[in-house]
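What follows is each chain in one-letter form.
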Amino acid sequence: MKFFIRLRPPGIRVQLMLWYTLVFALLLLCSDALLYTQLQTSQFTNLDKALRLQATQIAAGISNDAGTVTVQDVTGDLPDGNATENTATANNQQGSHVDITFSTLVRILDTHGHIVRVTPLFHILLVPSASVILSPQQNEWLGTIQTRDGQQVRLYSMKMAENGVPFAIVQVGEALAQLNNSLHSLLLELLFISPFALLLGALGSYWLAARAFIPIDHLTRIARQIEAGDLHRRVPVPSAHDEVYRLAQTLNEMIERLDQSFTRQQRFVADASHELRTPVAVIRSITDLALLQELSPPEYVALLNNINGEAERLGHLISDLLALARADEGKAVFEEEPLRLDELVSTVAANAEVLAAERGITLEVYAEQPITIIGDESRLIQVV
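Quick caveat: nothing in here was measured; it's all calculated off a predicted structure.

Scoring rules and cut-offs
- Residues numbered from 1 in each chain as written.
- Predicted model: local features only at pLDDT ≥ 70, side-chain atom pairs only at ≥ 80, totals over all residues.
- Heavy atoms only, no water.
- Helix = DSSP H or I, 4+ residues; strand = E, 2+ residues; numbered from the N terminus.
- Contact = heavy atoms within 4.5 Å.
- Buried < 20%, exposed > 50% of the residue type's maximum accessible area, 1.4 Å probe, protein only.
- Pairing = 2+ DSSP bridges.
- Expected span 1.5 Å × (residues − 1).
- Bend = angle between axes of the 7 residues up to and from the residue.
- Salt bridge = Lys/Arg side-chain N within 4 Å of Asp/Glu carboxyl O.
- Lys, Arg positive; Asp, Glu negative; His and termini not counted.
- Polar contact = N/O pair within 3.5 Å; in protein donor to acceptor, adjacent residues only side chain to side chain.
- Axes fitted to C-alpha atoms, helices over the stretch in contact; angles between N-to-C directions.
- Core = buried A, V, L, I, M, F, W, Y, C linked by side-chain atoms within 4.5 Å.
- Parallel < 35°, antiparallel > 145°, perpendicular 65-115°, else oblique.
- Nonpolar A, V, L, I, M, F, W, Y, C, P; charged D, E, K, R; others polar.
- Patch = residues over 30% accessible without salt bridge, like charges linked within 9 Å, V, L, I, M, F, W, Y side chains within 5 Å.
- Areas by Shrake-Rupley, 256 points an atom, 1.4 Å probe, with all protein chains shown as cover.

S.K.: I tried to follow the overall build of the protein on my own but got confused; where do I start?
M.R.: Looking only at helices and strands, the protein features 9 helices and 9 strands. Summarising the internal contacts of the protein: among those between residues at least 6 apart in sequence, 61% fall at separations of at least 24.

Rendered as structure tokens:
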């Protein structure tokens, strides 16, 4: 058996909040990534500058005496022991983990690759051959390497030359543990702050959406208060030409159309009462006349013909009233044919003569000459 759960779509406020939160999350992600990338680039750039400066300071104390590289330590960081003793010390420390975070990593080589001077912990670095064997067009090498126990180190190699002839290579390294730790701490802070920022953004967007819908709620309340008998009222139109302004105008136009529709309906009822009263009154007058006195068979036939004619006219009136209702809606189709207006008026007056006589009214139709017009005969009879 399968169960289908149909969830109701969220309201507009919630939808706006979700969209705002999604956009804010994307912007926050992009800004955090940009901040992290820029800080990482800046940290590595500063570190590389520091390595170049340290190598330049060390190179200031190196000279070439007839093919022999002489080192004068101008920084005070280089050990006094020779290369063999330094190598032995480093080899003794290879069996255990050595923290090189704040250690001095310097090595000076001659052009044959022989070590001239080296700090003890430099020997635990896995130095690539590309940093030592520099091409004639290459004066420096910069890259990230590792120690034997996996620690990352930034290494800088600089070639020294005299009269265009290279005679030594200076290598300076710096552990990346402190830099990586600072970047890692920044990443954790961003991951910790981002959810709270998203939550505040969601609440703020929902609050802004709720405030934006206050004018619409006001229009809704006023529109509900307007009843069928109070269609002369209109909703207030704000001064700002925005979406709420267009909504208020649309509501007022709709209420105006409803008002016109109710007015047409009332006019139709009044017209129907007036139109139907005339043939009914004529039929009653004819039947009352027949009941008051005895008439001959030909006179009864004439009365029945008159009643039949008025009944037929009554049926036409009902159809015509429906046509008038459609005319108020703009859907009526009128016939256009030539007809005699003077004869049409005389016929209508003759039919109403009985009712006029009961009220002491004399009907006379006067036309100096025949009048021919183009129109709809049924509608003109209703007008007269």
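After presenting the structure, the write-up continues.
S.K.: What's the story with the environment of Gly-143 in this structure? I'm lost.
M.R.: When you line up the elements, Gly-143 lands in strand β5 (residues 140-146). As for Gly-143 and Arg-154, which are separated by 11 residues in sequence, their C-alpha atoms are 6.0 Å apart. Excluding its chain neighbours within four sequence positions, the residues that come into contact with Gly-143 are Val-153, Arg-154 and Leu-155.

S.K.: Could you clarify how one ought to interpret the pairing of strand β6 (residues 152-162) in this entry?
M.R.: Look at any regular strand and the pattern is simple: side chains alternate between the two faces of the sheet. Along β6, 8 of the 11 residues are buried, which leaves the element largely enclosed by surrounding structure. Here 7 bridges tie β5 to β6, and the two strands are oriented antiparallel to one another. The residue of β6 that forms the bridge with Leu-142 is Tyr-156. Between the antiparallel neighbours β5 and β6 lie 5 residues, among them Gly-150 with a positive phi of about 90°. As paired strands, β6 and strand β7 (residues 165-175) are joined by 10 bridges and run antiparallel to one another. Paired with Met-160 across the two strands is Ala-168, which belongs to β7.

S.K.: Is there a simple way to think about helix α3 (residues 177-212) in this case?
M.R.: What sets the pattern is the α-helix's 3.6 residues per turn: residues three or four places apart point alike. When the terminal C-alpha atoms of α3 are compared, their 51 Å separation across 36 residues agrees well with the 52 Å that a helix rising 1.5 Å per residue should span. A bend of about 25° at Ile-193 is the largest found in α3, and the proline Pro-195 appears one to four places after it. Within the sequence span of α3, burial applies to Leu-179, Leu-183, Leu-186, Leu-190, Ser-194, Ala-202, Ser-205 and Ala-209. For α3, the elements touching its buried residues are α1 (12-59).

S.K.: I'm lost on the pattern of salt bridges in this one. Help?
M.R.: On inspection of all chains with the given rule, the structure shows 4 salt bridges. One salt bridge connects Glu-140 with Arg-52, and the closest N-O pair in it is separated by 3.4 Å. With a gap of 88 residues between them, Glu-140 in strand β5 and Arg-52 in helix α1 connect regions that are remote in the sequence. Accessibility expressed as a relative area gives 30% for Arg-52, which makes it partly exposed. Residues joined by salt bridges that share partners form a network here, namely Arg-340, Asp-342 and Glu-343.

S.K.: Sorry, what's going on with the side chain of Lys-159 here?
M.R.: Inspection of the secondary structure assignment puts Lys-159 in strand β6. For Lys-159, which is buried and forms no salt bridge, the nearest opposite charge comes from Glu-140, at a distance of 11 Å. Among the polar contacts made by the side chain of Lys-159, one reaches the main-chain carbonyl oxygen of Ser-135 at a distance of 2.9 Å. Excluding residues within four positions of it along the chain, Lys-159 makes contact with Leu-134, Ser-135, Pro-136, Gln-138, Asn-139, Pro-166 and Ala-168.

S.K.: Looking at this structure, I do not really get the sheet that holds strand β4 (residues 115-118). What am I missing?
M.R.: Strand pairing in a sheet is mediated by backbone hydrogen bonds. Such pairs are either parallel or antiparallel. In space, the 5 strands of this open sheet follow the order β4-β3-β7-β6-β5, with antiparallel pairing throughout. The sheet is open, and its two edges are formed by β4 and β5, each paired on a single side. Each neighbouring strand pair of the sheet contributes to a mean axis angle of 20°, computed without reference to strand direction. Sheet topology places strand β3 (residues 105-110) next to β4; 3 bridges connect them, and they run antiparallel. If you follow Ile-108 over to β4, its bridge partner there is Arg-117.

S.K.: Where do I start with the environment of Val-170 in this structure?
M.R.: Mapped onto the secondary structure, Val-170 falls in strand β7. Residues Val-170 and Asp-110, 60 residues apart in the sequence, show an inter-C-alpha distance of 8.9 Å. In this structure Val-170 touches Ala-55, Ile-58, Ile-62, Arg-107, Tyr-156, Ser-157, Met-158 and Met-160, once residues within four positions along its chain are discounted.

S.K.: In this structure, what is going on with the nonpolar core? I would like to understand it.
M.R.: Note that soluble globular proteins tend to have their nonpolar side chains buried in a common cluster. Formed by 21 residues in total, the largest nonpolar core has its most connected members in Ile-58, Ile-62, Met-160 and Val-170. At the level of elements, α1, β2 (68-71), β3, β6, β7 and α3 are the ones that each hand at least two residues to this core. Considering every element that reaches this core, the biggest residue donor is α1, with 6 residues. Val-98, Leu-121, Ile-124 and Leu-125 belong to the second largest nonpolar core, which has 14 residues in total.

S.K.: Would you explain the packing of helix α4 (residues 214-225) against helix α5 (residues 243-292) in this entry?
M.R.: When two helices pack together, their arrangement is given by the angle between the helix axes and by the axis-to-axis distance. Where α4 contacts α5, the two axes come as close as 10 Å, and the packing angle between them is 10°. Regarding the angle of α4 to α5, the classification is roughly parallel. Residues Pro-215, Ile-216 and Leu-219 of α4 form the contact with α5, whose participating residues are Val-244, Leu-247, Ala-248 and Leu-251. In terms of residue class, the contact of α4 with α5 is made up of 7 nonpolar, no polar and no charged.

S.K.: Looking at this model, I keep getting lost on a nonpolar patch on the surface. Mind explaining?
M.R.: Residues Trp-19, Leu-22 and Leu-26 make up a contiguous nonpolar surface patch of about 350 Å² in total accessible area. Within the fold, Trp-19 resides in helix α1. With relative accessibility at 56%, the residue Trp-19 sits in the exposed group.

Note that all results are geometric; they support no functional claim without further evidence.
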